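Chain by chain, the residues run as shown.
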Amino acid sequence: MSLDGKECMPYTYFPGCKYTAHAPESSQKIQRYLEKHLEIRSTGCCSTHCQAVARDDTAVFLCPTCGAILEESAPQANSVSIWELLDRDLGFPWPDYSGEEMTIQDCWRTHENRSMQDGIRRILRKMNIKTVEIEASFDTADYCGLTLFKPYSPRYERLAPRRFIRDAGDKFVPRPEEEAMSLVRTHCDQYTTESVICYCTGCLEGFEIAGVRG
C-alpha cells in the first residue's frame with residue numbers, strides 16, 4: 001500500500017461501533033474503499049480488539065473514543081485518525097461544496113489531538129468548505145452532546161483511565177435530562193451557519209436535540 005507515494009506499514013481500521021450503528025451504509029462504504037484502494041483491513045470493536053494490533057503496525061480510527069482507547073490500551077502500535085489518512089490519499093474523490101460556510105465543532109474527546117483536528121480542516125478545504133470557528137475549539141473544546149452529562153462508561157476505567165477519568169475534570173457529571181438538554185441547546189445557539197460539521201456521534205446527537213443541521 002502507498003499513500004503520498006510512500007510505502008506504509010500494515011494498517012488496521014477500527015470502524016467505530018457507534019458510527020457503524022448510526023450510519024451502517026456509510027460505514028460499510030468506507031470499509032470497502034479502504035480495502036479496495038488502500039489494502040487496509042477492518043476489524044471489530046476497539047474495546048476487544050485493540051491489543052491484537054501488532055507492534056509497529058498502525059491502527060486507524062474514526063471514533064474519538066476509539067482513538068483514546070487505542071492510545072492507552074494499544075501502546076505497542078501506532079495510531080492515526082481516518083481523516084489524516086484520507087488527507088494523504090491522493091485519489092480520494094472529495095465532493096465540492098462551492099465555498100459554503102459551515103461551522104466546525106471539535107469534540108472534547110479529541111481536544112489534545114491537534115494532528116487529527118488539523119487533518120479534518122485540511123479535508124474541509126479540499127471540499128471547498130469555508131469553515132467558521134467557534135471560541136471553544138481545538139484544545140479548549142468542551143462539547144460532546146449529552147454524553148458529558150451522564151456517567152462515564154465502566155470500560156473507561158480499564159481502557160482509557162487517563163483520558164476519561166484522571167484528566168476529565170468536570171466532565172461526566174450526571175445532570176437531570178431536561179437540564180442537560182437545555183445546556184446542549186444553549187451551546188448550539190452560538191452557531192451562525194446553517195450547517196455544522198462534527199466528527200463524533202455524541203456531538204451529532206446533540207445537534208439533533210437542538211435542531212441543528214449536522
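A brief look at the structure comes next. Source: prediction; values computed, not measured. (Residues numbered from 1 in each chain as written. Predicted model: local features only at pLDDT ≥ 70, side-chain atom pairs only at ≥ 80, totals over all residues. Heavy atoms only, no water.)

### Details of the overall build of the protein chain
A tally of regular secondary structure across the protein chain gives 10 helices and nine strands. Compactness check: the protein chain gives a C-alpha radius of gyration of 17 Å against a globular reference of 17 Å for 214 residues, within 12% of the reference. Referenced to the eigenvectors of the C-alpha coordinate spread, the extents of the protein chain come out at roughly 50 × 45 × 30 Å. Within the protein chain, the proportion of its 214 residues that are buried is 49%. Contacts in the protein chain between residues at least 24 apart in sequence constitute 71% of all its contacts with a sequence separation of at least 6. For the protein chain, the accessible area works out to roughly 11,100 Å², and carbon and sulfur atoms hold 50% of it. When the 25 positive and 32 negative side-chain charges of the protein chain are each reduced to one mean point, those points stand 3 Å apart. (Helix = DSSP H or I, 4+ residues; strand = E, 2+ residues; numbered from the N terminus. Rg over C-alpha atoms; globule rule 2.2 N^0.38 Å. Buried < 20%, exposed > 50% of the residue type's maximum accessible area, 1.4 Å probe, protein only. Contact = heavy atoms within 4.5 Å. Areas by Shrake-Rupley, 256 points an atom, 1.4 Å probe, with all protein chains shown as cover. Lys, Arg positive; Asp, Glu negative; His and termini not counted. Charge placed at Lys NZ, Arg CZ, Asp CG, Glu CD.)

### Some points on the layout of surface pockets
Estimated volume of the largest pocket: approximately 1,200 Å³. In this structure, the largest pocket is lined by 44 residues; those nearest its centre are Tyr19, Ser26, Trp83, Ile197 and Cys198. Secondary-structure elements contributing two or more residues to the lining of the largest pocket are helix H1 (17–22), helix H2 (24–38), helix H4 (64–73), helix H5 (82–87), strand S7 (100–104), helix H6 (114–126), strand S9 (196–197) and helix H10 (201–210). In terms of residue count, H2 provides more of the lining of the largest pocket than any other element does, five residues in total. (1 Å grid on protein atoms, 1.4 Å probe; cavity = no way out; pocket = protein on both sides within 12 Å on 5 of 7 lines; lining within 4 Å. Points joined across faces, edges and corners; volume = space filled by probe spheres on them.)

### With respect to the sheet that holds strand S8 (residues 129–133)
The three strands lie next to each other as S8-S7-S9, forming an open sheet whose pairing is parallel. Among the strands making up the open sheet, the edge pair consists of S8 and S9. Sheet topology note: the S7/S8 ladder contains five bridges and is parallel. The residue bridging methionine 102 from the neighbouring strand is threonine 131, located in S8. Strand contacts of H6: S7, S8 and S9, with the helix running at about 140° to S8, the strand carrying the most contacts. (Pairing = 2+ DSSP bridges. Axes fitted to C-alpha atoms, helices over the stretch in contact; angles between N-to-C directions.)

Spatial relationships are all this shows, so hold off on functional conclusions.
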